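Here's the letter readout for the chains.
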Amino acid sequence: LSTDIPQPVIGHQSVEVLGHRYPRDDFTNVTPKILAKVGRNLHNQPYHPLWLIKERIKAHFYSNYIGPGGNPLFSVHDNLSPVVTVEQNFDSLLIPPDHSSRKQGDNYYLNRNMMLRAHTSAHQAELVRSGLDAFLLAGDVYRRDEIDASHYPVFHQMEGVRLFTNHQLFSKVHNGEDLSLFERGGRRTPQKQETHSLEAVKLVEFDLKQTLTRLVSYLFGADVEVRWVDCYFPFTHPSFELEVRFQGNWMEVLGCGVMEQELLNSVGAQNKLGWAFGLGLERLAMVLYSIPDIRLFWSEDERFLKQFRVQDIHQPVCFQALSKYPPLHNDISFWLPDTKDSEESFTENDFYELVRSIGGDLVEKVTLIDDFTHPKTGRRSRCYRIVYRHMERTLTQEEVRLVHQEIERMAEAELGVQGRY
Ligand code: FA5
Ligand code: MG
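Residues numbered from 1 in each chain as written. Chains lettered and ligands numbered in written order. Predicted model: local features only at pLDDT ≥ 70, side-chain atom pairs only at ≥ 80, totals over all residues. Heavy atoms only, no water.

### Quick notes on the nonpolar core
We apply this condition: Among the buried residues, those of types Ala, Val, Leu, Ile, Met, Phe, Trp, Tyr and Cys that are joined through side-chain atoms within 4.5 Å form a nonpolar core. Three labels apply to residues, based on accessible area from a 1.4 Å probe with only protein chains included: buried if under 20% of the type maximum, exposed if over 50%, partly exposed otherwise in between. Each helix is a run of H or I in the DSSP string that is no shorter than four residues. Each strand is a run of E no shorter than two, and both are numbered from the N terminus. Here, residues are in contact when the closest pair of their heavy atoms is within 4.5 Å.
Formed by 74 residues in total, the largest nonpolar core has its most connected members in Ile57, Leu279, Tyr289, Ile291 and Phe297. Counting residues per element, this core draws most heavily on helix α6 (residues 198–220), which supplies eight residues. Each residue touching Leu279, except ones within four places of it in the same chain, is listed here: Ile57, His156, Gln157, Met158, Leu215, Val253, Leu254 and Leu284.

Okay, structure coming up:
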C-alpha cells in the first residue's frame, strides 16, 4: 500500500536490519518485503488503531493495578527490537530443539542464530532475569503463514507477565502463612506442574483469568461473551486460550497459562510463581472496530487513519468500513517437482511467500482449488486461485496480468515446478 519506504539492503553475503548486518547462511529466508516492515512500529504510531488499543490496555492496567509504593504495578515495554536470537525465541521458553514450531517454513530467519521474533514471549526470560515482577510488552511479530483477510506475515502482540512470592499470593488467604507455593515429590497432572502446590496454582490461575476477563470486559463492555479453552504451550502449564464471541463466531484472542517453573528457575526467580499471557492486537482491533481485513492496518489512506484520531483514548470509535473495490482473480497451475529428487520438494508456504513477495498487498487470498495426480505417470499438479484486490482503488486487468505473469515465471525459477500456463 505504501511505496515510499526505503528498501532494505539484502546483500549477497549479509542481510541488513535496523542498521545491523547479519551474515547469511543456509537458514536465511527473510525477504525484502518483510524487512521493509521492520521498524514501521505501527503500535507506536500515535492514533494508529493498534496504538490506540495498546494505550487503552496500558491505561486499564495503570489505573487498576497499583504497586506497594503507590505507582503502577506493571511496567510497559514497547521498544524492544524484533531481531532476537533463536535462543530467545525458542530455547529460553523450553521449546525443544526438534519442535515443529522452529521450521524454516514457519519463521523468518536472518541466519541460524538470529530471527525476527515469532511472538513477544521471546522476551519473557530476559525481562524476568532483569528483575521485573510485573510487565506488559508490545511489539511486532513475524510468521510465515497462509494468506487471507485475517492472516498477515507481520502482526502485533502484547505480552503480560506477573510473578508472586509466597507472601504476595497467600497474604489475603485466612491462615495463609501456613500455605506454600511449592511441594516436594509431587506429580504433574492436568491441573498443575510437579513442583507446584495445588492451592498456589489455583490462586495464580484464578488471578490470571480474572485479570484477563476484566481486561476484555473493559475493552468490549460488560456483556461480551467469553469462554476458556484448555490448550498447550511448552512454556506454561496449565495453559488456556480465551475466546470472544464476535458476530456469532468464537474467536481466539489470546493464549496464557501458569509459567513453567523451570523457566523461572533458570532466570533467578526460583522463589516465585507466575502467569503469562500473549494477545493479538489486530484480533482485538478487528473485533472492537469491525475492521474487515488485516491488511488495512498497513494502510496510509487518510480515510482509514483519521477515524482513529479521537480526543480521548477512552472515546468509542465508530469505524466506517471503506467501500471495497472489486477483486480480480487469476489461477495458476503447475506440475510439482518429482518427489524422487526430494531436494526440490514443494512446500506450500514457499509458494505463499513467493506470491506475497511479488504481489504484496495486492494479494487478498490464495486458495488451493485443485490437486490432481496423473493416473498413468503419477505426476501431481496443483492449481491455486489468487484473488487480487487493492484496498484503495480499482485494479486494472493489465496490472494484475503483469503481476500474475511474474508469479508464474518466478514459481518455475524458484520452486522447481513446471508451469501449465
Ligand atoms: C503465542 O504466540 C504464545 N506466545 C502466547 C502465550 C504467551 C502463551 C504467554 C502462554 C503464555 P499463539 O500463536 O496462539 O500463541 O498467538 C497468540 C495470539 O496472537 C493469538 O491468540 C491471536 O490473537 C494472535 N495471532 C496468532 N497468529 C496470528 C496471525 N497470523 N494473525 C493475527 N493474529 C495472530
Ligand atoms: Mg493460538
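Moving on, there is more to tell.
### Some points on the site of ligand 1
The condition that has to hold: Consider each residue's heavy atoms; a residue with any of them within 4 Å of a molecule or strand counts as near. Whenever two N or O atoms come within 3.5 Å, that pair is a polar contact, provided that in protein one can donate a hydrogen and the other can accept it, and provided that, for residues adjacent in sequence, both atoms are side-chain atoms. Per-residue and other accessible areas were derived by the Shrake-Rupley procedure at a 1.4 Å probe size, with only the shown protein chains allowed to occlude residues. The classification used treats Ala, Val, Leu, Ile, Met, Phe, Trp, Tyr, Cys and Pro as nonpolar, Asp, Glu, Lys and Arg as charged, and all other residues, Gly among them, as polar.
Around ligand 1, the surrounding shell holds 24 residues, and the nearest of these are His119, Ser121, Arg143, Glu252 and Val253. Contact between ligand 1 and Leu254: an oxygen atom at 3.3 Å from a main-chain N or O atom of the residue. Burial of ligand 1 by the protein chains amounts to 93% of its free accessible area of 680 Å². When contributions to the shell around ligand 1 are tallied by element, the ones reaching two or more residues are β7 (154–164), β10 (249–259) and β11 (273–280). At five residues, β10 tops the list of elements feeding residues into the shell around ligand 1. When its residues are assigned to classes, the shell around ligand 1 shows nine nonpolar, ten polar and five charged.

### Brief notes about helix α8 (residues 281–289)
The element α8 is largely enclosed, with a buried count of seven among its nine residues. Looking at α8, one finds that the buried residues are Leu281, Glu282, Leu284, Ala285, Met286, Val287 and Tyr289. Each element contacted by the buried residues of α8 is listed here: α2 (49–64), β7, α6, β9 (236–246), β10 and β11.

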